Amino acid sequence: MSPDFSKKLLDWNKKENNRAMPWKGETDPYKIWLSEIILQQTRVEQGWAYYEKFVKAFPTVHHLAKAPSQKVFKLWEGLGYYTRCKNLIETAKKISKDYNGKFPNSYEEIKSLKGIGPYTAAAIASFAFNLPYAVVDGNVERVLSRYFGINTPVDTTSGKKIYAELANAFLDKKQAGIYNQSIMDFGAVICKPQNPLCKVCPQQKDCQAYKHGLIEILPVKAKKLQKKERWFYYFIIEFDGGIYIRERRENDIWQSLYEFVLYEAKHAITEKDMLRSDVIKHVFGKQKIAINKISNVYKQQLSHQTIHVQFIHIAITKPILVEEYLLIRRKDLMKYPFPKSIAVYLNELKVS
DNA sequence: AAATCGGGGTC
DNA sequence: GACCCAGATTT
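Remember, it's a predicted structure, so these values are computed and weren't measured experimentally.

J.: Help me out: how do you make sense of the protein's contact with DNA strand C in this one?
T.: As a matter of local geometry, DNA strand C sits amid 28 residues, with Trp23, Arg43, Gly115, Thr120 and Arg142 nearest to it. Atoms of DNA strand C within 4 Å of the protein belong to the sugar or the phosphate in 61% of instances, the rest to bases. Contact between DNA strand C and Gln41: a phosphate oxygen at 2.9 Å from a main-chain N or O atom of the residue. Contact between DNA strand C and Tyr119: a phosphate oxygen at 3.2 Å from a main-chain N or O atom of the residue. A per-class count over the surface near DNA strand C returns ten nonpolar, ten polar and eight charged.

This is how it looks when you write it as structure tokens:
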């Protein structure tokens, strides 16, 4: 173990780190919190524009707390992991009301808030209040795993414990915020997942992974996720200038987002099968329907699922009554948050 | 302890 | 196609 790991890290930060981000150096805990929620499992480049949109739309936690949740979700649209948005709204309301708009300043209290786990609590505590809590994100795990040559899988309970203890042991407690920022920047800029810049790395001579040729091996992950395939057939049913949509509420992907009348199948089906589906029978009964237009099949790749999506346009002359579906005005369609695949299709429709 | 939850960039 | 990203929560 090299005692000067922290010193070299801070030295690198001071002299060579020129990574710039809109929330860097921010002292308002509200904005720090906002940035951290947006960045969970999300690349800085992807979250950047969302952060700026949110800060502009909701300059304070009160603005966010009193905003209609549909508007907040619309701003979040396309960013993924939508329960983050749900928790964001819930926590904003709590801080606005119970805390009078003032963010709590103890680690335990911060961590008790919805959507804030060990990483985010440490980030807020250290960046906003300079409290001595080490962040452990993917960057930190990678840096520590390589530097100390640890092959305990990062995605296990024992692994998490080891990396958390190491991170806290090497944390510079007098400048926790700067230290935390430094180690994450270092992981993102130098000790990258692929093709790390070992040639210019200031820690090279003490790095166990470099010494033993394990850079490509570390860090280790135990599990690999398995994938599912699903086929979504969306019926875009128009009646008298309106369209039927509903909010997804089940325990499944895209909770709180909206969708058209859905028939899900376990495999690809034909047009005839679509019309024979239970959904269609349920929705239309014996009313005769005609397909106006049928789209290509689009493929949306999630981390753990492949979704095949097709849109079937249907116009009807009598309204249908289906629980949970709303008949909304066509011009209001874009006010609702949709999954990426639907949002993309709707944009194509507008253009063409 | 394992499974879920998105979307995008990189190799 | 596989891996990873400023992880958290539910099962």
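J.: What is the right way to look at the protein's contact with DNA strand B in this model?
T.: In the region of DNA strand B, 23 residues are neighbours, and Arg43, Thr157, Trp254, Gln300 and Ser303 sit closest. Near-protein atoms of DNA strand B (within 4 Å) split between backbone and bases, with sugar and phosphate holding 54%. One of the backbone N or O atoms of Gln41 is found 3.0 Å from a base nitrogen in DNA strand B. Side-chain polar atom of Thr42 to a base nitrogen of DNA strand B: 3.1 Å apart, as the coordinates give it.

J.: Looking at this model, I keep getting lost on helix α10 (residues 157-170). Mind explaining?
T.: Three or four residues apart is the spacing at which side chains of an α-helix point the same way, because the helix has 3.6 residues per turn. Across its 14 residues, α10 extends 20 Å between first and last C-alpha, which sits within 8% of the 20 Å expected from 1.5 Å per residue. Taken residue by residue, α10 has Gly159, Tyr163, Leu166, Ala167 and Phe170 as its buried positions. Down the axis of α10, the buried set is contained in an arc of 100 degrees. They therefore lie on one face. Structural note: α10 exposes Thr157, Lys161 and Ala169 on the side pointing more than 90 degrees away from its buried face. Summarising the contacts, the buried residues of α10 are in contact with α1 (5-15), α9 (138-148) and α11 (176-189).

Criteria and cut-off values
- Residues numbered from 1 in each chain as written.
- Chains lettered and ligands numbered in written order.
- Predicted model: local features only at pLDDT ≥ 70, side-chain atom pairs only at ≥ 80, totals over all residues.
- Heavy atoms only, no water.
- Near = heavy atom within 4 Å.
- Polar contact = N/O pair within 3.5 Å; in protein donor to acceptor, adjacent residues only side chain to side chain.
- Nonpolar A, V, L, I, M, F, W, Y, C, P; charged D, E, K, R; others polar.
- Helix = DSSP H or I, 4+ residues; strand = E, 2+ residues; numbered from the N terminus.
- Expected span 1.5 Å × (residues − 1).
- Buried < 20%, exposed > 50% of the residue type's maximum accessible area, 1.4 Å probe, protein only.
- Arc of directions from axis to C-beta.
- Contact = heavy atoms within 4.5 Å.

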